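Residue strings, one per chain:
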Amino acid sequence: MVTAMAAESPAAPVPVLALDRVRFRWKRGLPLTLDIGGLAVMPGERIFLHGPSGSGKSTLLALIGGILLPEEGSVSLLGTDLRSLSAGARDQFRVDHVGFVFQQFNLIPYLSVLDNVLLPCRFSKRRRTQATAAGNTPAQEAARLLGDLDLAPALHHRPVTALSVGQQQRVAAARALIGRPEFLVADEPTSALDAERQAGFLDLLLRECDAEGTTLLFVSHDRRLAGAFTREIALGEINAAGRQGEA
Amino acid sequence: MANLLSIAIRSAWHRRMTLGLTLVAIALSVALLLGIERIRHDARESFAQSVSGTDLVVGARTSPVQLVLYTVFRIGDATNNIRWDSVKKLAAHPMVAWTVPLSLGDSHRGYAVLGTTTAYFAHFRYGEGRSLAMAQGRRFDGLFEAVIGAEVAAKLGYRVGDRIVLNHGAGEMTGTAHEDKPFVVTGILQRTGTPVDRTIHVTLEAIEAIHLDWAGGAPIPGMAIPQEFVRKFDLTPKSVTGVLVGLHNRAAVFRVQRQVNEFKDEPLLAVMPGVALSQLWGMLDMLERALLLVSGMVVVVSLAGLVAVVLAGLNERRRELALLRSVGAHPGQVLLLLVFEGLLVTAGASVLGIGLLAAASVLLGPLTEAHFGIGLRTLAMSADEWKLVGAVIAAGMAASIVPGLRAYRLSLADGLSPRQ
């Protein structure tokens, strides 16, 4: 469907994420976990995806990350059907184009703050090239992002274990954004923060996504945060499998 | 690759406490393995170089190994002697440069007594052509003078000028003493690490002299020739146990050997000492291999410890592995990360093990030299030792494939979010 649309109107922008009649179940014989007719995220969108735990959020993220493949339908990122890529190529595609922020324990404990931010540049030439496009070294670019996310230079070479949870989440955001990936997927990034810091983190994240031109998919069970986004999607509504399971 | 290696280094450093203990265990096993290999090599070397520069050892006909056993190692007894005129004919052979007659059979408190000539000091070589040197005193000159090996001097506490009495026959308790004819120690040889250290050297004539009043291995009743009168007798030996032979030209060794073996006057045997020594060492091969096998097994056990420690720690690292995947690491790279970790630990352990061995050689070398005659002098690694180290590191990497595969499966199953 998506490719057909693109063919009809070449000027139309390619969706960052497109799900087309996606069905997924963990094992043959088990009920479907996901059954999504269609979902498209266009460049520049700020999507708030919410759903209760057990509604298939993790599974959806694994499909978007190319960790899992649907048994039917297609998951496309930037016009590329992930099924058309080998497992290794999907790993590469993920780091080239998508940044992830998780709920907590986002950072590798034995790397410094700066080295954690630089990790995508180690695994992706594309991210490294884009990080240095403005004439910065990757380390300078990482320091710039950390500064934008209110992390003082004094913290950059500290071990990550010395940071507060809120600081750690901002380091994770900097890592997800370095090298300007087209897509940022944040999976409950504020759940471990208190209400005051949640708003602060969200503001910074949205500001940086705007600055870097990154499309954002923000997954949360907390609908109070939804106001800051351009579109709100309830996973329970687009996932037919969840409704069947409940019925 | 370089990225993964640097991540592996920092990850390993982060867990340096647990990995460090494993590393020390592997280092000890590496030191043991290399130590055994080195002792094995040094022992073989000093064994093979118990005698050098001698082209042929000649004795009465027996087996080559036996001839070398009693002429070089003073182990066992000669079944037959060779006549003195055969020795003279051998010495007169145009291809023979020098001969050193050896006469064995007596002992002193368990140490062999060797009757020989001063040619022994001139021509006997050990190691890589090293000649005997005096630590104290001088060579024997007179009839009842003795030059003793370093171990004899050290163990029995003898000094130059001491008087010693020889016993008839070999062994600690056997034989009757030649009490009437004591010897004076005139010299002590420097340590050689060869059977020379355990030998008392006297002149051929002295051996003849102390047996003047003996027949058939016992003193002749009623006959006692006092020490001061023996010079009145002809002390030319009637026979000797063996002869060391040096040739003008080593290339002639096979010809001379054949001629000796076909000697008409009496049945003789000539052997090339190197050949007989390696035959002899071949008999000890099993023991040598068993030692190496045991130390190899110690290494395997220590590597099993490494695998166990890394496997046990893997569950706590699932989050780390998932994060690496989220920034683009393939499961294959996760496997490689674990293999690098094994490489780091075993390489570090090898370096530490080599250091430990060097330290042990420096500290314990003098002790082992004194007690076993093995000096552990070499500090440099031999090619064989490097091969062993390489094998240990390769085995460490191979063993790390086990936790590597586990990590591979975990990171495939967990994807971006481990179910903890």
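Before any of the text, the structure's been laid out above.
Moving on: the sheet that holds strand β3 (residues 46-50) of chain A. Residue and element names in this part refer to chain A. On the basis of which strands lie adjacent, the open sheet formed by 5 strands has the order β6-β7-β8-β3-β9 and parallel pairing. Two strands in the sheet have a free side with no partner beyond their single neighbour: β6 (98-101) and β9 (231-234). Pairwise comparison of adjacent strand axes, ignoring direction, gives a mean angle of 20° for this sheet. Pairing of strand β7 (residues 183-187) with strand β8 (residues 215-220), which is carried by 5 bridges, proceeds in the parallel orientation. Residue F183 lies in a different strand from β8, and its bridge partner there is T215.

So, on to the nonpolar core. By size, the foremost hydrophobic cluster in this structure holds 103 residues, and its most contacted members are A:V117, A:L146, A:V171, A:A174, A:V185, A:L217 and B:V30. The element that contributes the greatest number of residues to this core is helix α12 (residues 331-372) of chain B, accounting for 11 residues. Non-local contacts of A:V117, meaning those with residues more than four positions away in its chain, are made with A:A142, A:L145, A:L146, A:V171, A:A174, A:R175 and A:I178. Counting 58 residues, the second-largest nonpolar core is a separate cluster that includes B:A60, B:V152, B:V243 and B:L269.

With that settled, consider helix α10 (residues 285-314) of chain B. With 30 residues, α10(B) extends 43 Å between its outermost C-alpha atoms, agreeing within 8% with the 44 Å of an ideal straight helix rising 1.5 Å per residue. Listed in full, the buried residues belonging to α10(B) are B:S295, B:G296, B:V299, B:S302, B:L303, B:L306 and B:V310.

Two residues of an α-helix separated by three or four positions point the same way, owing to the 3.6 residues in each turn. Residues and elements named next belong to chain A. The end-to-end C-alpha distance of helix α8 (residues 195-212) is 26 Å, a good match for the 26 Å that 18 residues give at a rise of 1.5 Å each. Among the residues making up α8, those that are buried are Q198, F201, L202, L205, E208 and C209. Along the axis of α8, the buried positions cluster into a sector of 135°, meaning they face one direction only. Of the exposed residues in α8, the ones pointing more than 90 degrees away from its buried face are E196, D203, R207, D210 and A211. Where α8 is buried, its residues meet α6 (138-148), α7 (165-177), β7 and β8. In the segment just after α8, G213 is the residue with positive phi, at about 70°.

Conventions we followed
Residues numbered from 1 in each chain as written. Chains lettered and ligands numbered in written order. Predicted model: local features only at pLDDT ≥ 70, side-chain atom pairs only at ≥ 80, totals over all residues. Pairing = 2+ DSSP bridges. Helix = DSSP H or I, 4+ residues; strand = E, 2+ residues; numbered from the N terminus. Axes fitted to C-alpha atoms, helices over the stretch in contact; angles between N-to-C directions. Core = buried A, V, L, I, M, F, W, Y, C linked by C-beta atoms within 7 Å. Buried ≥ 20, exposed ≤ 12 C-beta atoms within 10 Å, placed from the backbone. Contact = placed C-beta atoms within 7 Å. Expected span 1.5 Å × (residues − 1). Arc of directions from axis to C-beta.

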